[in-house]
Amino acid sequence: MSATVSIPTILRTHTGGEKQVKAEGSTLQEVITDLEANHPGIKDRLVTDGALHRFVNVYVNDEDVRFAGGLDAQVPDGGTVTILPAVAGGAR
Amino acid sequence: MLVIRADLVEQMVAHARRDHPDEACGILAGPDDGSGRPERFVAMENAERSPTFYRFDSMEQLRVYQEMDRNDEVPVVVYHSHTATEPYPSRTDISLASEPFAHYVLIGTRDPEQHELRSYRIVDGEVTEEEVQVVENYMFAHTGTDDVPDPAPRA
């Protein structure tokens, strides 16, 4: 079960500058574990205390996983996982 | 330094005024060629609809970023408004800044007559304010020193 993962600019230091990498897994959790095995340090940028960071958006086949089970979201074989840091801020 | 076309400034300010007192946000896309020139105005929905916080709607963000990828564009400018305070990056702005190569433009709308516009780099929690040069078009913008030709854009 292999997925294509799109890496945002700010995390490409972990992938040697690559915009897209392959990862194995049938759930988002497994994909992230496999990512970490090949690109150490990336998991901490995505997950804390067993949950996705609030200000990281992850999409499986263009669906926001926040509404599809979070880390338990299913990743179909040949699917795409897109990581985008939330663009957020504000006066307070 | 941020060199930016006047029409793009007008569109950002108009967006900030329209959404006041809520914060407005969006990006200016430009070619991924190292030129750092914003070309295309994209107003984004503030999913928070708040006077003190903004966050791009996640699905709109995905669409816009995929469109930029297809066009070989990057978010040259990420802008938002501060509607009651100084247009200086807040602690939240700094801790959430996620585009190390973008110019972070803040538009202050606390004065109904006169907007404020300032630009910053935010990298690894460090804020650097930069000069903003507003030009009618980029052809005549002065971006290099007088005697040395501008470097070729990187591939």
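Here, the structure is the one placed above.
Residues numbered from 1 in each chain as written. Chains lettered and ligands numbered in written order. Predicted model: local features only at pLDDT ≥ 70, side-chain atom pairs only at ≥ 80, totals over all residues. Heavy atoms only, no water.

Attention now goes to the environment of His103(B). Residue and element names in this part refer to chain B. Examined against the element boundaries, His103 turns out to sit in strand β6 (residues 103-108). When the C-alpha positions of His103 and Val76 are compared, they lie 6.2 Å apart, and in sequence the two are 27 residues distant. The residues contacting His103, other than those within four sequence positions of it, are Met1, Leu2, Gly36, Val76, Val77, Val78, Ser119, Tyr120, Arg121 and Glu130. (Helix = DSSP H or I, 4+ residues; strand = E, 2+ residues; numbered from the N terminus. Contact = heavy atoms within 4.5 Å.)

Attention shifts here to the sheet that holds strand β5 (residues 56-60) of chain A. Residue and element names in this part refer to chain A. Reading across the sheet, the 5 strands line up as β2-β1-β7-β5-β6 and stay open at both edges, with mixed pairing between neighbours. Only two strands of the sheet have a single partner each, and these edge strands are β2 (20-24) and β6 (63-64). Strand direction decides the pairing type here: strand β1 (residues 2-6) and strand β7 (residues 80-85), joined by 3 bridges, are parallel. Following the sheet pairing, Val5 is matched in β7 by Val81. (Pairing = 2+ DSSP bridges.)

So, on to the pattern of salt bridges. Residues and elements named next belong to chain A. Inspection of every chain in the model, using the stated rule, returns 11 salt bridges over all chains. Here Arg66 makes a salt bridge to Asp64, at a shortest N to O gap of 3.3 Å. Owing to a relative accessible area of 41%, Arg66 belongs among the partly exposed residues under this scheme. Overall, the relative accessible area of 2% leaves Asp64 in the buried class. (Salt bridge = Lys/Arg side-chain N within 4 Å of Asp/Glu carboxyl O. Buried < 20%, exposed > 50% of the residue type's maximum accessible area, 1.4 Å probe, protein only.)

To continue, consider the nonpolar core. Membership of the largest hydrophobic core comes to 22 residues, with the highest contact counts inside it found for Val5(A), Ile7(A), Leu28(A), Leu35(A), Leu46(A), Val81(A) and Ile83(A). Counting only elements with at least two residues in this core, the list comes to β1, β2, α1 (28-38), β5 and β7 of chain A. In terms of residue count, α1(A) provides more of this core than any other element does, 4 residues in total. Those residues in contact with Leu28(A) that sit more than four places away from it in its chain are Leu52(A), Val58(A), Val65(A), Gly70(A), Leu71(A), Ala73(A), Val75(A) and Val81(A). With 21 residues, the next largest nonpolar core counts Cys25(B), Val64(B), Met68(B) and Tyr104(B) among its residues. (Core = buried A, V, L, I, M, F, W, Y, C linked by side-chain atoms within 4.5 Å.)

Our next topic: the interface of chain A and chain B. Listed per partner, the contact involves 20 residues of chain A and 26 residues of chain B. Of the roughly 2,100 Å² buried at the junction of chain A and chain B (both faces included), carbon and sulfur atoms supply 55%. Linking Lys19(A) and Asp69(B) is a salt bridge whose minimum nitrogen-to-oxygen distance equals 3.9 Å. Across the chain A-chain B interface, the total number found is 13 residue pairs in polar contact (both at pLDDT 80 or more). Counting residues per element, the ones that place at least two in the side of chain A that touches chain B are β5, β7 and β8 (88-89) of chain A. Among the elements that make up the side of chain A that touches chain B, the one with the highest residue count is β7(A) (3 residues). Two strands pair when backbone bridges link them, and β8(A) and strand β4 (residues 54-55) of chain B are joined in this way by 2 bridges, in the antiparallel orientation. Counterpart to Ala88(A) in the pairing with β4(B) is Arg55(B). (Buried area = accessible area lost by both parts, 1.4 Å probe. Polar contact = N/O pair within 3.5 Å; in protein donor to acceptor, adjacent residues only side chain to side chain.)

It is worth spelling out α1(A) at this point. All names here are of chain A. Those residues of α1 that sit buried are Leu28, Val31, Ile32 and Leu35. An end-on view of α1 places all buried positions within 95° of arc, on one side of the element. In this structure, the buried side of α1 is in contact with β1, β2, β3 (47-48), β4 (51-52), β5 and β7. (Arc of directions from axis to C-beta.)

What follows covers unusual backbone geometry. The omega torsion of the bond from His20(B) to Pro21(B) falls at 10°, within 30 degrees of zero and hence cis. With respect to the helices, strands and loops of the structure, Pro21(B) is situated in the loop between α1 (6-19) and β2 (25-31). Look at Asp49(A): it is not a glycine, yet its phi comes out positive at around 50°. Asp49(A) sits in the exposed class, given a relative accessible area of 81%. For Asp124(B), which is not a glycine, the phi torsion comes out positive at approximately 50°. Within the secondary structure, Asp124(B) is located in the loop between β7 (116-123) and β8 (126-130).

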